[in-house]
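# Summary of structural features
Given next are the chains, with one letter for each unit.
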Amino acid sequence: MGLWKKLLGNKGEKKQEEGQAPHKSIEMNIKTIKEILKDCDDIVYREVEVGVENNVKAAIIYTDGMIDRNLLNNYILNNIMLTVRMTPPSPEDIKKQIASHLKDHSLAVSEMKEVETIDEGVTSILSGDTVLLIDNYDKLIIVASKGWQARGVSEPVTEIVIRGPRDGFVETFRVNTALIRRRVRDPKLKLKAQQVGVRSKTDMAIIYIEDIVNKKILKEVEERIKTIDMDAILDSGYIEQLIEDNWLSPFPQIQNTERPDVAVAALYEGRIVILVDNSPFALIAPTTLNAMLQSAEDYYERWNIATAVRLLRYLAAIISLLLPSLYVAITSFHPQMIPTKLALSIATTRQGVPFPAIVEALIMETTIELLREAGVRLPGPIGATIGIVGGLVIGQAAVEAGIVSPLMVIVVAVTAISSFAIPSYNVAIGFRLLRFGFIFAAGSFGLYGISLAKLLLLSHLCGLKSFGMPYLHPFVTFVEDIGDIKDTVIRAPMPSMNNRESIANKNERNRLDDKQEEEKYKEEEE
Amino acid sequence: MFSNNDKISPSQIANVLVLMMLGTGILTLPRTLTEAAATDWWIVLIIGGLGITLIAIAQAYIVKSFPGKSYMEIISATLSKPVAYIYIIFLVLFLIILNGFLVRILAEVVKMFLLLATPLEVIILSLLLVIVYLVRQGIEALGRLAELLLPIILVLSLVLVALTIGNSDYTNLLPVFQISFTDVVKALPVVLFSFLGFEFVLIFGTYVNKTNELTKYTGGAVLVILFLYIILNLATILTFGTVQITHLIWPTLSLFKTIEFPGLFIENVEALVMALWVIIVFMSIAPVLLAKVVLLTDLIKGKEFNYLALPLIPLIYFVSLVGDNLAEAYMLLDMFTLYAATIVAFIFPTLILIAMLVKKKLKREGSTSE
């Protein structure tokens, strides 16, 4: 039990934080905040005095580098220090209500709120807002003043399309929510923000379209997010791993995307999008293997081309999983399957090779994985070069040195190319890992081993669920959800895709506008 | 969290049943059927198939009348509790033995066609372990896997059958209508036993979510098998003729061995067919293990059933090694099915049905007399 606990980590109780109410006196409040933020030298305290007689004390506190200085100087400090003196009523007349007067008449900022505990105020300071303290007022005024150096919206790096929008999510939470909102002008689009991570207090939002989303799945997502207990959430990858169904599986059960159009398409299908601050990757749940093998472009290109590309992609997935193991099985167990001439030529090329086919396959597969990993780590131009140099030179040299046969090099190259054709990087990794399992199965039991490994893999996939959604949907509910096949291996013509997938709420399966439909029927009747 | 032992749809159970029936009859049916009825095989097959359809529908009707009840609860309600306990224990033993034989035959075929040098024990154990993994995933995973695999298997087998048309000789079908009525009756058991597997609707029926559609889908499943058997038998007889078939152990496999693709990358599809066939038989063995586990869970009133899968494996393994060679194993299996399977698939369900109908009638009379 002790070892198990150490392995899995200690699941501590969530700390309950009691909020401390602000004091009437401004000195006390500043002292408390300074106490909490001791040795935090990036916090700026600016104490000012308001009024003609300079008899009301005020202070602003903010984190340097996270605020918009322009806004702070021109619209907050300028107003409370200068404008107040010049315009009636004079502070002397309204001494009692100076705080509410400042709040309602002087501060020319668009977003402002009040909080009643010091802790909330501190969190606001640390998130880039400015806290305004006023003497004799026992609330903290929070002015939204977030503004920092951020990366601009640029083209997503991991999901490139030839046709389609070029904007991608960035690290700033608000920009991302705006990118989604711009594509859904519907009051039913809900965006529930909350903070996760005991220390990091990372902003995140669960986004869905209220009437399309499946309420059961939504509830499950919300409940699982509530159970997250971590000190810091640095990327959406943390959340993905903390709320997924089966952490033993090599397959991702939550999709991620850098493209706002993909995220919004998922929303319109009734899925749920999770955005996390500081991460350009949005999460989409629930997802299916089928969705992972789709690209945004499939919907922007004409249907027959998209269908052909999808067929190719499914073929690529199968090749990247099976080809090396089939080579091993056929050359070492069932040479009678292939035409005699080819069998002879394979035998000739393998003549000088000292290893059995499985060792040969493992050597080459490991080499290509090394090349790929090295290519990712190296800076751009060198990365591309190492692929070519490594691939060509090592392949050629290995054949000439008699370590592997030329056919093996072809097999490995085709496999590698196929695995690049899978649009979702994390699914491709899953297939890459499983490929080695298949090679071992083929090396020990031939085609029978491949059949068994296939059955094992399919058993796993059939048992896998993503938030209650079968992972292989709709292939495993073929008879019930035959309509969903329209968006799988094939991509049906756009006019015929008038129904949502069965993920969505049952009452909102039709995508068409009801009014327009009725008019159409009327016209037909006339 | 969402569990995987929840509910499956009627279409999924139909797919499971189709694959179970396919696995038992596909290998030997052309030989046994031709031995029994020669060129009039199709009369026997159609009569038998339609008969099985009716029986299967009747069994589905039993399940439908007790929605959500497990097999043991159904027996307890109709034939009293002690009978239920005794029968379930008998059924589990039956299924262990059946499982052992099915695994043995698969392993023998794999050894003969694919892995000549690999020991039988290794083949059997590797297969059993994969089956345990599937069973531990639960009934939902099984239903989904069946629904995923069946369309692929159907399309591939029809393509393979279509490829054998080139070798067919249509005079092999003649002469027709040579069979007498008594011969038909004598040949019927051959057909009935090749449809075994449909009776599992009684065990898995408790997990179906739309029970009122169950009869339709169960009948449909048997008809799909009937169609497939007719096609396969036709193709086999067209290729080999009635005399040659009787000398082949597994005529269907021999049939696919005749397919050749000269000039293509794959010249000989035999190994490929075997790989496909392994999947079919796997899908007829895995539900048997799952059925045992489900019945045992009912018996001991357990909640989670996936822990029971692994402990059964040694028993199945020992049963699978009974019989020194294939001929002996087949002989034992034939005897075994003749007696035990008749009880399990035909006699006992009929008793349940009668008891159920009688009770219903008594109840109705009781309520009308009041």
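About the cut-offs
Residues numbered from 1 in each chain as written. Chains lettered and ligands numbered in written order. Predicted model: local features only at pLDDT ≥ 70, side-chain atom pairs only at ≥ 80, totals over all residues. Heavy atoms only, no water. UniProt positions renumbered as here; feature names shortened; annotations may be inferred. Core = buried A, V, L, I, M, F, W, Y, C linked by side-chain atoms within 4.5 Å. Buried < 20%, exposed > 50% of the residue type's maximum accessible area, 1.4 Å probe, protein only. Helix = DSSP H or I, 4+ residues; strand = E, 2+ residues; numbered from the N terminus. Domains from an automatic or database assignment. Axes fitted to C-alpha atoms, helices over the stretch in contact; angles between N-to-C directions. Parallel < 35°, antiparallel > 145°, perpendicular 65-115°, else oblique. Left-handed = near helix turned anticlockwise from the far one by under 90°. Contact = heavy atoms within 4.5 Å. Nonpolar A, V, L, I, M, F, W, Y, C, P; charged D, E, K, R; others polar. Pairing = 2+ DSSP bridges. Phe/Tyr/Trp six-rings, centres within 6.5 Å; stacked < 30°, edge-to-face > 60°.

- An unreviewed UniProt entry lists chain B under the name GerAB/ArcD/ProY family transporter, with Alkaliphilus pronyensis given as the organism.
- Recorded under Subcellular location (unreviewed entry), the UniProt text for chain B is reproduced unchanged: "Membrane".

- Chain A carries the name Spore germination protein in an unreviewed UniProt entry, which gives Alkaliphilus pronyensis as its organism.
- Quoted verbatim from the Sequence similarities (unreviewed entry) heading of the UniProt record, the comment on chain A is "Belongs to the GerABKA family."

## Structural notes on the nonpolar core
- Ranked by internal contacts, the top residues of the largest apolar core, which has 196 residues, are Y448(A), Y71(B), F195(B) and F282(B).
- Looking at this core element by element, the count peaks at 22 residues for helix α12 (residues 270-300) of chain B.

## Notes on the domain arrangement of chain A
- According to the domain assignment, chain A contains domain 1 (26-143), domain 2 (150-287 + 504-526) and domain 3 (303-470).
- Between the C-alpha centres of domain 1 of chain A and domain 2 of chain A there is a distance of 37 Å.

## Description of the packing of helix α14 (residues 357-377) of chain A against helix α16 (residues 406-420) of chain A
All names here are of chain A.
- At a closest axis distance of 10 Å, the pairing of α14 and α16 adopts a crossing angle of 40 degrees. As the angle between them shows, α14 and α16 are arranged oblique. Crossing geometry of α14 relative to α16 is assigned as right-handed. Facing E360, A361, M364, E365, I368 and R372 of α14, the residues of α16 in contact are M408, V409, V412, T415, A416, S419 and F420.
- The class makeup of the residues in the contact of α14 with α16 is eight nonpolar, two polar and three charged.

## Observations concerning the sheet that holds strand β6 (residues 189-196) of chain A
Residues and elements named next belong to chain A.
- An order of β6-β7-β9-β10-β8 is seen for the five strands of this open sheet, with the pairing classed as antiparallel. If you trace the sheet from one side to the other, it starts and ends with β6 and β8 (255-257), each paired once. Across the sheet, the axes of successive neighbouring strands diverge by a mean angle of 25 degrees, strand direction being ignored.
- Examined bridge by bridge, β8 and strand β10 (residues 282-285) share three bridges and lie antiparallel to one another. Looking across to β10, one finds that T257 is bridged to A282.
- Across the face of the sheet, helix α9 (residues 260-268) comes into contact with β6, β7 (202-209), β8, β9 (272-276) and β10 while running at roughly 50 degrees to β7.

## Re the packing of aromatic side chains
Residues and elements named next belong to chain A.
- This structure, assessed with the given rule, holds 14 aromatic pairs over all chains.
- Here F251 and F431 contribute two aromatic rings whose centre-to-centre distance is 5.7 Å and whose plane-to-plane angle is 80 degrees, an arrangement assigned as edge-to-face. With a gap of 180 residues between them, F251 in the loop between α8 (236-243) and β8 and F431 in helix α17 (residues 425-463) connect regions that are remote in the sequence.
- Of the residues examined, F251 reaches a relative accessible area of 2% and is grouped as buried.

## Focus on the UniProt feature "transmembrane region" (unreviewed entry) in chain A
All names here are of chain A.
- As annotated by UniProt and renumbered to match this structure, "transmembrane region" (unreviewed entry) occupies residues 311-333, 378-397, 403-422 and 434-457.
- From the first C-alpha to the last, residues 403-422 spans 30 Å; its make-up is 75% helix and 0% strand.
- Counted over residues 434-457, helix gives 100% and strand 0%. Its end C-alpha atoms are 9 Å apart.

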